[in-house]
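# Overview (structure and organization)
If you want the building blocks of each chain, they are given just below.
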Amino acid sequence: MQIITTHIGADFDSLAAMVAAKRLYPEAELVFPGSQEKSVRDYLAQEFGNLYSFKKAKHLDLTRVSKLIVVDTRQLDRLGPLDTCAENPQVALHLYDHHPTGAGDLRGVVEEVQLLGSTTTLFVQLFQERNIVPTPHEATLMALGIYEDTGSFLHSSTCPEDLSAAAWLLRHGANL
């Protein structure tokens, strides 16, 4: 079984990155390791929950995991019950993150890490490289992820790539 996950307390950037990763790993299950921010829960209930099936880690047989795709973190202690999968040498670990390197970061067989304002920006770049076109719903969620993690493009971590990614998403149907 393949799992796409993120950190406990999922925000819009991590949610958008999970949904984007699903386009790269269509066979993978979308799994929250724990809670989500209230705004993300509300969004899923109103806008997006009917398009994707999200699961909770506690409802899965984690011994069946062969590939763990982690977005928006590389910190083991942020994966909740999925930390056992990340530590299992039999599980292929794929990491997608925008945070600076830190002590104790996980290492994976795939590591897509860039210092950007959001992990979603990284996925926009991958979509562009692979000629993947997001649906309008995906583009809207991805724009929301970038917007939130860059603080409306005001955080000091915001970079030109974030603005370019947002513009690309607008051209592909993101609804402001």
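Up top you'll find the structure we're talking about.
My aim in this report is to walk through the structure given alongside it, one point at a time. Since this is a predicted model, take the numbers as computed values, not measurements. (Residues numbered from 1 in each chain as written. Predicted model: local features only at pLDDT ≥ 70, side-chain atom pairs only at ≥ 80, totals over all residues. Heavy atoms only, no water.)

### A short note on the layout of surface pockets
By volume, the largest pocket amounts to about 270 Å³. Lining of the largest pocket is provided by 13 residues; of these, T140, A143, L144, N175 and L176 occupy positions nearest its centre. Elements with a contribution of two residues or more to the lining of the largest pocket: α2 (38-48), α5 (136-149) and α6 (160-171). Among the elements that line the lining of the largest pocket, the one with the most residues is α5, at five residues. When its residues are assigned to classes, the lining of the largest pocket shows nine nonpolar, three polar and one charged. (1 Å grid on protein atoms, 1.4 Å probe; cavity = no way out; pocket = protein on both sides within 12 Å on 5 of 7 lines; lining within 4 Å. Points joined across faces, edges and corners; volume = space filled by probe spheres on them. Helix = DSSP H or I, 4+ residues; strand = E, 2+ residues; numbered from the N terminus. Nonpolar A, V, L, I, M, F, W, Y, C, P; charged D, E, K, R; others polar.)

### Quick notes on the environment of D13
Summarising the element assignment, D13 is placed in helix α1 (residues 12-24). Here the alpha-carbon distance between D13 and T150, two residues 137 residues apart in the chain, equals 9.5 Å. When neighbours within four sequence positions are excluded, D13 is seen to be in contact with D72, H98, S118, T119, T120, G145, E148 and D149. (Contact = heavy atoms within 4.5 Å.)

### Quick look at the pattern of salt bridges
Evaluation of the coordinates by the stated rule reveals six salt bridges. The salt bridge involving D97 is made with R74; its shortest N-O contact spans 3.0 Å. Of this pair, D97 sits in strand β5 (residues 92-97) while R74 sits in the loop between β4 (67-71) and α3 (83-87), and the two are 23 residues apart along the sequence. Overall, the relative accessible area of 5% leaves R74 in the buried class. Shared partners join several salt bridges into a network, and the residues in it are R74, D97 and D105. (Salt bridge = Lys/Arg side-chain N within 4 Å of Asp/Glu carboxyl O. Buried < 20%, exposed > 50% of the residue type's maximum accessible area, 1.4 Å probe, protein only.)

### Re α5
In this model, α5 (14 residues) spans 20 Å end to end at C-alpha, consistent with the 20 Å of a helix rising 1.5 Å per residue. When α5 is considered as a whole, its buried residues turn out to be E138, A139, L141, M142, A143, G145, I146 and D149. (Expected span 1.5 Å × (residues − 1).)

### Considering the nonpolar core
One recurring pattern in soluble globular proteins is that nonpolar side chains are buried together. By size, the foremost hydrophobic cluster in this structure holds 39 residues, and its most contacted members are I4, L15, Y96, F123, M142 and L169. Sort the elements by how many residues they give to this core and α1 lands first, with nine residues. Not counting residues up to four positions away in its chain, the partners in contact with F123 are A17, A20, A21, L24, V71, Y96 and M142. Of all hydrophobic cores here, the second largest spans 16 residues; its members include L62, L68, V70 and C85. (Core = buried A, V, L, I, M, F, W, Y, C linked by side-chain atoms within 4.5 Å.)

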